[in-house]
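# Breakdown of the fold
Spelled out from the first residue to the last, the chains are:
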Amino acid sequence: MASVEFQNVGISFGATPVVRDLNLTVEDGEFVVLVGPSGCGKSTILRSIAGLAGVSAGDLKIGARRVNDVDPAERDIAMVFQSYALFPNMTVAGNLGFGLKIRGEARGEIDAKVAEAARTVGLSDHLHKRPGALSGGQRQRVALARAILRRPGVFLFDEPLSNLDAEFRTAMRAEIVRFHRDQGASMVYVTHDQTEAMTMGDRIAVLAPLAGGHKSNLMQYGTPDEVYDRPANLFVARFIGTPRMNVVTLPVEGGAVMFGSQRVALPDAAAGLARVALGQRPEHLRLAGADTPGLPGRVEHIENLGHEQILTIASDLGPLILRETRDDAQAALGQPVVLVLDPARLHLFDPQTEARLD
């Protein structure tokens, strides 16, 4: 396997920069997920590793080798596409063995390798079938097995689960994670789905479009826990988490802010700021009695998810989202409520720079 390293990498399409000043390292054997909204450059970054998008600045390395100008066929990568990219006129066995045949391997060796790859992804009983007779999840397994047969230094996944329904996506997530664990392979996985990012990656690279005025696409690079528990800036705070983090910007007076009638003292890091952006996850915001200091509001919408419910509360600071378990449910639609912050679980940001305040 091999590491992948971006050193001050820039990628442009004509005169338009798409990726700027990217510094990121995928360690040997690591599973890294690139996640972000449309236009953030995640697929372009993946294509640059494959050699399908040119690097206009900086250095891109696979292992110890600089590959800016290396032909895609010589980069020792395998790619799993969103659209499966299978030959419809070939059987599963034919699809899996095609690359080996092109490379001139002996028939007996091809059959043995195809059988082993099919066993790895649970397709041993489907080798005689054509792609049209397979489910979406089975087709994606064929694409994964084909990549396995390549025995690359780095596996690249370009939103491979987007075409599957929810049940298949969950099953395939588990299969890909198991495959990574068994093979110890270096993997770079692109998705717009933060659930995939949080449940699959050893580390997550949260990316943003340059159109937002950012100096680099990379907003934060860390483990799922680090990204969720300590978002580095407002972009990450708002993007990671479902429902998204509540963020309100409040004036600072006497080293504190007022959340309705609740006074919240600020740390020294906020000293000198006239205003501060204050964030709290929906699961940490809570409802309290009418005589408790807090922010008055009214229950505007309730989303019942069975094991929990998501409340949208209308307030003078705008709509705020609260998550509560089914056992804790106490609010009814249209009911007046009081929202109370948990001071121990606040996230504070500079509203000008959008950077986290520690």
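Use the structure listed above.
Quantities reported herein were computed from a predicted structural model and do not represent experimental measurements. (Residues numbered from 1 in each chain as written. Predicted model: local features only at pLDDT ≥ 70, side-chain atom pairs only at ≥ 80, totals over all residues. Heavy atoms only, no water.)

So, on to the pattern of salt bridges. Within this structure, the stated rule accounts for 15 salt bridges. The closest approach of N and O atoms between Glu-109 and Lys-113, which form a salt bridge, is 3.5 Å. Of the two residues, Glu-109 and Lys-113 both sit in helix H3 (residues 107–120), four residues apart, roughly one turn of that helix. Looking at Glu-109, the relative accessible area reads 42%, which means it is partly exposed. A salt bridge links Arg-356 to Asp-358, with the shortest nitrogen-to-oxygen separation between them at 3.1 Å. Under the relative-accessibility criterion, Asp-358 is labelled exposed at 61%. Through salt bridges with shared partners, a single network forms among Asp-59, Arg-66 and Asp-69. (Salt bridge = Lys/Arg side-chain N within 4 Å of Asp/Glu carboxyl O. Helix = DSSP H or I, 4+ residues; strand = E, 2+ residues; numbered from the N terminus. Buried < 20%, exposed > 50% of the residue type's maximum accessible area, 1.4 Å probe, protein only.)

Of all hydrophobic cores here, the largest spans 45 residues; its most connected members are Leu-96, Phe-155, Phe-157, Ile-176, Tyr-189 and Val-206. Sorting elements by how many residues they give to this core places helix H4 (residues 136–150) first, with seven residues. Not counting residues within four places of it along the chain, the set of residues in contact with Ile-176 comprises Phe-31, Leu-144, Phe-157, Leu-161, Tyr-189 and Met-200. Within the second largest apolar cluster, 30 residues are counted, among which are Val-19, Val-32, Val-70 and Val-154. (Core = buried A, V, L, I, M, F, W, Y, C linked by side-chain atoms within 4.5 Å. Contact = heavy atoms within 4.5 Å.)

Considered as a void within the structure, the largest pocket measures approximately 540 Å³ in volume. Lining of the largest pocket is provided by 24 residues; of these, Ile-77, Ala-78, Met-79, Arg-146 and Arg-150 occupy positions nearest its centre. Contributions of two or more residues to the lining of the largest pocket are made by strand E6 (77–80), helix H2 (92–102) and H4. Its residues assigned to classes, the lining of the largest pocket comprises 17 nonpolar, two polar and five charged. There is about 270 Å³ of room inside the second largest pocket. (1 Å grid on protein atoms, 1.4 Å probe; cavity = no way out; pocket = protein on both sides within 12 Å on 5 of 7 lines; lining within 4 Å. Points joined across faces, edges and corners; volume = space filled by probe spheres on them. Nonpolar A, V, L, I, M, F, W, Y, C, P; charged D, E, K, R; others polar.)

Once that is clear, we can look at the packing of aromatic side chains. Taken as a whole, this structure holds six aromatic pairs when the rule is applied. Centre to centre, the rings of Phe-31 and Tyr-189 are 5.8 Å apart; their planes meet at 35 degrees, and the pair counts as tilted. Pair noted here: Phe-31 is in strand E3 (residues 31–35) and Tyr-189 is in strand E8 (residues 186–191), with a separation of 158 residues, a long-range link. Across the pair, exposure class does not vary: Phe-31 and Tyr-189 are buried alike. Among the aromatic residues, those joined into a cluster by ring pairs are Phe-31, Phe-155, Phe-157, Phe-179 and Tyr-189. Over the aromatic face of Tyr-228 sits the side chain of Arg-281, whose NZ or CZ is 4.0 Å from the ring centroid. (Phe/Tyr/Trp six-rings, centres within 6.5 Å; stacked < 30°, edge-to-face > 60°. Lys NZ or Arg CZ within 6 Å of the ring centre and 35° of its normal.)

Now for empty space enclosed by the protein. Summed over the entire model, instances satisfying the criterion amount to one cavity of 30 Å³ or more. Lining of the largest cavity is provided by Asn-246, Val-247, Val-248, Phe-259, Leu-278, Gly-279, Gln-280, Leu-285, Leu-320 and Leu-341. Elements with a minimum of two residues in the lining of the largest cavity: strand E11 (246–251) and strand E14 (275–280). When grouped by side-chain class, the residues that make up the lining of the largest cavity number seven nonpolar, three polar and no charged.

Attention shifts here to the sheet that holds strand E19 (residues 336–340). Pairing in this open sheet of five strands is antiparallel, and the strands run E15-E19-E16-E17-E18 from one edge to the other. With one partner strand each, in any of the chains shown, strand E15 (286–288) and strand E18 (320–325) form the two edges of the open sheet. Put simply, the sheet's adjacent strands are angled 50 degrees from each other on average, direction ignored. (Pairing = 2+ DSSP bridges. Axes fitted to C-alpha atoms, helices over the stretch in contact; angles between N-to-C directions.)

What is shown is where atoms sit, not what they do.
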